[in-house]
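Close look at the chain arrangement
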Amino acid sequence: GLLVLCAWPSRAKAELSGEVDGHGLIGIDGRYGGAASVDLWATRGMFRPGGAFGLGAVSQNHKDSSRVFTPFALSLGFLPQRDRTGFVMVVRAGGYAGAQKGGLIAGGFFSGSIGVGIALGEGASLRIAGEAWGLVGQHGGVFFGPTIGLGF
């Protein structure tokens, strides 16, 4: 009986981690705006697969109206181990849906950030990074800007 109990496979325990970020968005076409996003990862290791979602808005340019969009994506983070300061990198790929004066919009979404994570203790961190966002499709654009966030 004890042998069977000891041989029983144990379940893997996922340790949820993530980050909440604020992004400044400066478009190569002169538009500007901002976004907030959340990444949720299934592990606390150096490589963290998961998902991301957010809410953003960008200003109008000479031919379009302002738009609001909600990106959703698969996310992969490369982060320092718990309670260590170090290099951070996050890449995301997925889609977005949103609206502008002319109606509903949708397309592909990708982003990437590179920066530093400053350990605050107990698994929390302050993250400062540079970010690039791409909205693919008829209503798309490429944006760069700073990102600041809190990791957990």
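First, a word on scope: everything that follows refers to the structure included in this document. Just so it is clear, the structure is predicted and the values come from calculations on it, not from any experiment.

Cut-offs used in this document
Residues numbered from 1 in each chain as written. Predicted model: local features only at pLDDT ≥ 70, side-chain atom pairs only at ≥ 80, totals over all residues. Heavy atoms only, no water. Phe/Tyr/Trp six-rings, centres within 6.5 Å; stacked < 30°, edge-to-face > 60°. Helix = DSSP H or I, 4+ residues; strand = E, 2+ residues; numbered from the N terminus. Buried < 20%, exposed > 50% of the residue type's maximum accessible area, 1.4 Å probe, protein only. Salt bridge = Lys/Arg side-chain N within 4 Å of Asp/Glu carboxyl O. Pairing = 2+ DSSP bridges. Contact = heavy atoms within 4.5 Å.

1. Quick look at the packing of aromatic side chains
Overall, the coordinates contain 5 aromatic pairs when judged by the stated rule. Judged by centre distance (5.0 Å) and plane angle (80°), the rings of F109 and W133 are edge-to-face. Of this pair, F109 sits in strand β6 (residues 103–121) while W133 sits in strand β7 (residues 124–136), and the two are 24 residues apart along the sequence. The exposure class assigned to F109 is buried, which follows from its relative accessible area of 5%. Owing to a relative accessible area of 2%, W133 belongs among the buried residues under this scheme.

2. Side note on the pattern of salt bridges
Oppositely charged side chains are able to pair whenever their charged atoms sit close together. Per the stated rule, a full pass over the model turns up 6 salt bridges. Across the salt bridge formed by D29 and R31, the nearest N and O atoms sit 2.8 Å from each other. Sharing partners across several salt bridges, the network here consists of E19, D21, D39, R92, R127 and E131.

3. Considering the pairing of β6
Regular strands have side chains that alternate between both faces of the sheet. The pairing of strand β5 (residues 86–100) with β6 spans 15 bridges and is classified as antiparallel. Looking across to β6, one finds that Y96 is bridged to G107. Joining the antiparallel neighbours β5 and β6 is a turn of 2 residues. Bridge count for β6 against β7 is 13 bridges, and the pairing is antiparallel.

4. Digging into unusual backbone geometry
For E122, which is not a glycine, the phi torsion comes out positive at approximately 55°. Tracing the sequence through the fold places E122 in the loop between β6 and β7. Overall, the relative accessible area of 79% leaves E122 in the exposed class.

5. Some remarks on the environment of G27
Relative to the helices and strands, G27 resides in strand β1 (residues 17–27). Relative accessible area serves as the criterion here: at 11%, G27 is assigned to the buried category. Remark: the alpha-carbon pair of G27 and G145, spanning 118 residues in sequence, is separated by 8.7 Å. Not counting residues up to four positions away in its chain, the partners in contact with G27 are V142 and F143.

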